[in-house]
Structure formats: structure tokens, C-alpha cells
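# Observations on the model geometry
Next come the chains, spelled out residue by residue.
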Number of protein chains: 2
Amino acid sequence: METKIFRNFLGEKGLKPTKERIAVLSEVFSFHGHFDPEYLYLRIKDAGSKASRASVYRTLSLLVECGLVKKVTRTEKGNIYEHTYGHSHHDHMICDACGEIIEFYSEKLENLQDEICAENSFAGSTHTLEIRGHCKKCRTKQS
Amino acid sequence: METKIFRNFLGEKGLKPTKERIAVLSEVFSFHGHFDPEYLYLRIKDAGSKASRASVYRTLSLLVECGLVKKVTRTEKGNIYEHTYGHSHHDHMICDACGEIIEFYSEKLENLQDEICAENSFAGSTHTLEIRGHCKKCRTKQS
DNA sequence: AGTTAAATTGCAATTCAATCTCAGTTTCAG
DNA sequence: CTGAAACTGAGATTGAATTGCAATTTAACT
């Protein structure tokens, strides 16, 4: 399914579904969780496919452009991505103590953000909300 | 006031309030708005003070560490900062076309986030919300 | 004021993610 | 099949950020 979407996207842009691009695509969807370009590059090699770092970067941009992948955040070590197809939108809470990442979703929150965008004549397309603090476990451990 | 806070912070860490550090500090608080390290470096030069790029970067880290300055976001062109002392909490909308940064604050949004934290037994301390899209100007320009 | 150890600076070198260049390769429409 | 256009990989390049280091500055203590 992802493949179909990607091939469609490429077709519409006059781009070609090369082995390298498909290798990147399949690897991105072969696991769950966050990743950075280098990690992905190594996984692709490991999987026996081949695609240079340059191709990984180039393909990643395409995947983001067609909405199959999202750039989650930028760290001091580079960009972090996650695949989004088949996963609904969510935001993150990150525990400063143990690093646990809790995903959450709130319809109300989404609507409120739309309202705020409208108030500012801003056409919002994506957002990132990251709440930092302490998770239940670490809260009690503290006291 | 900022100066007092910063001097205190330096004192506690056994660091020295050098001309360069103070020059960076004053320049940061001499204007309102967002900035990147290079822009700050040029402003300092312009103001007749002197501090190398290295010192600007090093001092900026200290200012973030002591809470007077906040790293707002990371763009493809580098980090963006803002001074926080004397400014209340707000979130950002960033235009993908022209890079404009719009600040906003919503009481409702804050409350809603508190609710969501409570639902997840999470003790939230800070958050970052960044909405990306197109600002009014770039919206109309597009069509 | 003078001395000295520790902190600091600036420059240049370095790092590292990301992008670009370009010659050789692959794709696919006709 | 064939050729034009699209792609690729390797290495060069970019640019923000960091670091090493010799020279300089700071400030605590005489």
C-alpha cells in the first residue's frame, strides 16, 4: 500500500521508482519507531539492499514530501523521522528522568489549534507538541 | 536585572563575568525578537563591542543554562533563540515559506494541556508547541 | 601594586550532518 | 531497441557548531 502511494507520487512528478528508492521505502516501513538517516542507511545495508547515503537522504525528502514520512524533530545529532502511513497523528510527552515517550492524542487539542491558526490567519499544516516533565513512575520515585 | 542574574549564575559556577560575556548578554537584551548566533555576532560588532563567534556560541549556551535565553527552534540554517527574562510563556507558528515567526498564547490551550497531563498521570513542567504552515502573506501570494 | 593560578579568549582547525557535483548507469517511452 | 531524461554513488563541499591551544585576562592573595 505504501508502495502504491509512493509509486503514484513518483509517477506524477515524472520520477522513477528505482530499486534504491524502493529499498529505502520498504526499510522505512519494515519497523516501528523513530530513526535518523544514518540508522536507516545502516539498516538498508544490513537488509542486503543497497542505497548510498546520498540516496537515503534524497529519498527521505521525497517520502516526507508525499506524506508517508514525517520529520519528528531536529536534535543536535541530526533529524529524526518516523513513518506516518497507517499511524494517526499524535503528540508526545517525554519523561526527563527515564526518557519514556508517551504518545497521546486529543481531538479538543487539535480543534483548539485550528481555532488559534484561524485567529492568526495562519494556514497550519503540521504541528509538533512536546510536553516534558516526569512520568507516573518517576514522579513517585522522586518523593 | 538580567545582568545581576547572570553574574550570580557565573559566580556560583566559578566563572568570570568577562567583557565578552557581558557584551553578549547586553546585546541579547538590547532588542526584542528572535535571533540566530550569527546575527547576534554581527550586532555585537556593530555595537562596537567585541566577542568572537566562539565566545558568542559559548556565552549563548551559558545564557540558556541559566534560563535567561531559550532555544526556540532548529531550522535548516541553525538554531534560533530568544531572550525569555521578562517575557511570559508563549508558543510559535513558523511560516515554511518566509520563515516568519508568530508568537501566540492561549489560556485554553494551557489548561487543556494540564488536563491531558493529568489524564496520563504525567507531571508536565514545560512544553514546546510549534505550528508550521503558511502565514497570511505567503498564503495569498501562493494563489 | 605585584604575583600567580585558574579561567577565558580568539583563531584556526575540526567535526559532522546534509547537500551538491558530475561522470557513468539505469529507466522507460516510443 | 534506442536515446533522452532521470538516477546513482563517491567524493567534494558547505556551513553551523565545537574544540585545541597559545596568548591574554581576571581576581584572589600577598
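Here, every reference points to the structure presented above.
Residues numbered from 1 in each chain as written. Chains lettered and ligands numbered in written order. Predicted model: local features only at pLDDT ≥ 70, side-chain atom pairs only at ≥ 80, totals over all residues. Heavy atoms only, no water.

### Focus on the interface of chain B and chain A
Facing 35 residues of chain B, the contacting portion of chain A comprises 35 residues. Roughly 2,900 Å² is buried in total at the junction of chain B and chain A, and carbon and sulfur atoms are behind 63% of that figure. At the junction of chain B and chain A, the tally comes to 4 salt bridges. One salt bridge connects K108 of chain B with E115 of chain A, and the closest N-O pair in it is separated by 3.8 Å. Applying the counting criterion to the chain B and chain A interface returns 15 residue pairs in polar contact (both at pLDDT 80 or more). For the side of chain B that touches chain A, the secondary structure elements donating two or more residues are β1 (69–75), β3 (91–95), β4 (101–104), α5 (107–119), β5 (123–134) and α6 (136–142) of chain B. No other element matches β5 of chain B, which puts 12 residues into the side of chain B that touches chain A. Of the residues belonging to the side of chain B that touches chain A, the class tally is 14 nonpolar, 12 polar and 9 charged. (Contact = heavy atoms within 4.5 Å. Buried area = accessible area lost by both parts, 1.4 Å probe. Salt bridge = Lys/Arg side-chain N within 4 Å of Asp/Glu carboxyl O. Polar contact = N/O pair within 3.5 Å; in protein donor to acceptor, adjacent residues only side chain to side chain. Helix = DSSP H or I, 4+ residues; strand = E, 2+ residues; numbered from the N terminus. Nonpolar A, V, L, I, M, F, W, Y, C, P; charged D, E, K, R; others polar.)

### Overview of the protein's contact with DNA strand D
Among the 19 residues in the neighbourhood of DNA strand D, the closest are listed as L15, K16, S52 and S55 of chain A together with K19 of chain B. Of all DNA strand D atoms lying within 4 Å of any protein atom, the proportion belonging to sugar or phosphate reaches 82%. A distance of 3.4 Å is found between a sugar or linking oxygen of DNA strand D and a side-chain nitrogen or oxygen belonging to E20 of chain A. One of the side-chain nitrogen or oxygen atoms of R58 of chain A is found 2.8 Å away from a base nitrogen of DNA strand D. The greatest single-element share of the surface near DNA strand D, amounting to 3 residues, is contributed by helix α4 (residues 53–65) of chain B. (Near = heavy atom within 4 Å.)

### A look at the layout of surface pockets
Approximately 1,600 Å³ is the volume attributed to the largest pocket. In terms of lining residues, the largest pocket is bounded by 49 residues, among which V72, T73 and T128 of chain A together with T73 and E130 of chain B are the most central. Across the lining of the largest pocket, the residue classes break down as 11 nonpolar, 22 polar and 16 charged. Looking at the second largest pocket, its volume works out to about 270 Å³. Around the second largest pocket, the lining is made up of 17 residues, and of these H89, E110, S125, T126 and H127 of chain A lie nearest the centre. Mapped onto the lining of the second largest pocket, the elements with two or more residues apiece are β2 (78–83), α5 (107–119) and β5 (123–134) of chain A. For the lining of the second largest pocket, the residue count by class is 2 nonpolar, 11 polar and 4 charged. Counting contributing residues, the lining of the second largest pocket receives three or more from each of domain 1 (2–83) and domain 2 (91–142) of chain A. (1 Å grid on protein atoms, 1.4 Å probe; cavity = no way out; pocket = protein on both sides within 12 Å on 5 of 7 lines; lining within 4 Å. Points joined across faces, edges and corners; volume = space filled by probe spheres on them. Domains from an automatic or database assignment.)

### Describing the protein's contact with DNA strand C
Residues and elements named next belong to chain B. Among the 20 residues in the neighbourhood of DNA strand C, the closest are listed as K16, T18, R21, S52 and S55. The share of sugar and phosphate among atoms of DNA strand C within 4 Å of the protein is 80%. Contact distances for DNA strand C include 3.5 Å between a sugar or linking oxygen and a side-chain N or O atom of E20.

### Some words on the relation of the copies chain B and chain A
Mapping chain B onto chain A is achieved by rotating through 178° and translating by 0.6 Å along the same axis, at an RMSD of 2.2 Å. The superposition operator between the copies reduces to a two-fold rotation axis. Judged by C-alpha distance, L129 of chain B is the residue of chain B that lies nearest the rotation axis, at 1.9 Å. Residue by residue, 100% of the interface of chain B is reproduced at the interface of chain A, so both copies engage with the same surface. (Least-squares fit on C-alpha atoms with pLDDT ≥ 70 in both.)

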